[in-house]
Amino acid sequence: MGRGKIEIKRIENTSNRQVTYSKRKNGIIKKAKEITVLCDANVSLVIYGSSGKMYEYCSPKTKYCNFLYRLVVISFLSSSLCYMILIGSLIDMLDRYQRLSGNKLWDAKHENEIDRIKKENESMQIELRHLKGEDITSLNYEELIAYEDALENGLTNIRDKKASLLGSFS
């Protein structure tokens, strides 16, 4: 008798979700090892858990003992975006995929997009510091007035929301 089908959706119970994650993570690593042995395949697997912890498997032909030295992962966090630059054996696998499939995975357009988002991120961080009252010595009078107006509008909106929440409790 086979197993029953389950609906693939987020598990709401955190304990059950963690148990399922652990079992499925171990299962996919086991499958990666099996396909390496059975099919003489090169396999690289990287899993990031919700806690940010990384698990990896690399088949012996990719020299697992050198995996961490050959695979460098640099993450640039911008809002909800995470950019990864992968160097080493994984790049070799991606290049091979591109050659065999004919699909272009990376080109200058992506480099330009990363540069644009990095600049946007820097600009937003500067603006956030200004809104917090930090690093304001370089601002001129008009910029200070604009930030003051933005903060006053924000404060008014917050007070209105608080008042409406207090009104709904009575």
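With an unreviewed UniProt entry as reference, the protein is termed Transcription factor, K-box, source organism Cynara cardunculus var. scolymus. Per its UniProt entry, the protein bears the Subcellular location (unreviewed entry) comment "Nucleus".

Caption draft 1: Expanded view of the overall build of the protein. When you go through the protein residue by residue, the secondary structure sums to five helices and four strands. The secondary structure elements of the protein, listed N-terminal to C-terminal, are α-β-β-α-β-β-α-α-α. Buried residues in the protein amount to 16% of all 170 residues. A sequence separation of at least 24 residues applies to 23% of the contacts in the protein between residues at least 6 apart.

Caption draft 2: Up close: the pattern of salt bridges. Inspection of every chain in the model, using the stated rule, returns three salt bridges. Close ionic contact of Glu12 with Arg10 constitutes a salt bridge, the shortest N to O distance being 3.4 Å. Relative accessible area serves as the criterion here: at 60%, Glu12 is assigned to the exposed category. A relative accessible area of 52% places Arg10 in the exposed class. As a salt-bridge pair, Asp135 and Arg129 come within 2.9 Å of each other at their nearest N and O atoms. Classification of Arg129 as partly exposed rests on a relative accessible area of 30%.

Caption draft 3: Molecular detail of a nonpolar patch on the surface. Together, Leu165, Leu166 and Phe169 make up a nonpolar patch on the protein surface, roughly 370 Å² of accessible area in all. By secondary structure assignment, the location of Phe169 is in helix 5 (residues 141-169). The class for Phe169 is exposed, based on a relative accessible area of 71%.

Caption draft 4: Seen up close, unusual backbone geometry. Here the phi dihedral of Asp40 falls at roughly 55°; this positive angle occurs in a residue that is not glycine. Within the element layout of this structure, Asp40 appears in the loop between helix 1 (14-39) and strand 1 (44-48). When its relative accessible area of 52% is taken as the criterion, Asp40 is described as exposed. Phi is positive for Asp135, close to 50°, though the residue is something other than glycine. For Asp135, the location among the structural elements is in the loop between helix 4 (108-131) and helix 5.

How each quantity is defined
Residues numbered from 1 in each chain as written. Predicted model: local features only at pLDDT ≥ 70, side-chain atom pairs only at ≥ 80, totals over all residues. Heavy atoms only, no water. UniProt positions renumbered as here; feature names shortened; annotations may be inferred. Helix = DSSP H or I, 4+ residues; strand = E, 2+ residues; numbered from the N terminus. Buried < 20%, exposed > 50% of the residue type's maximum accessible area, 1.4 Å probe, protein only. Contact = heavy atoms within 4.5 Å. Salt bridge = Lys/Arg side-chain N within 4 Å of Asp/Glu carboxyl O. Patch = residues over 30% accessible without salt bridge, like charges linked within 9 Å, V, L, I, M, F, W, Y side chains within 5 Å. Areas by Shrake-Rupley, 256 points an atom, 1.4 Å probe, with all protein chains shown as cover.

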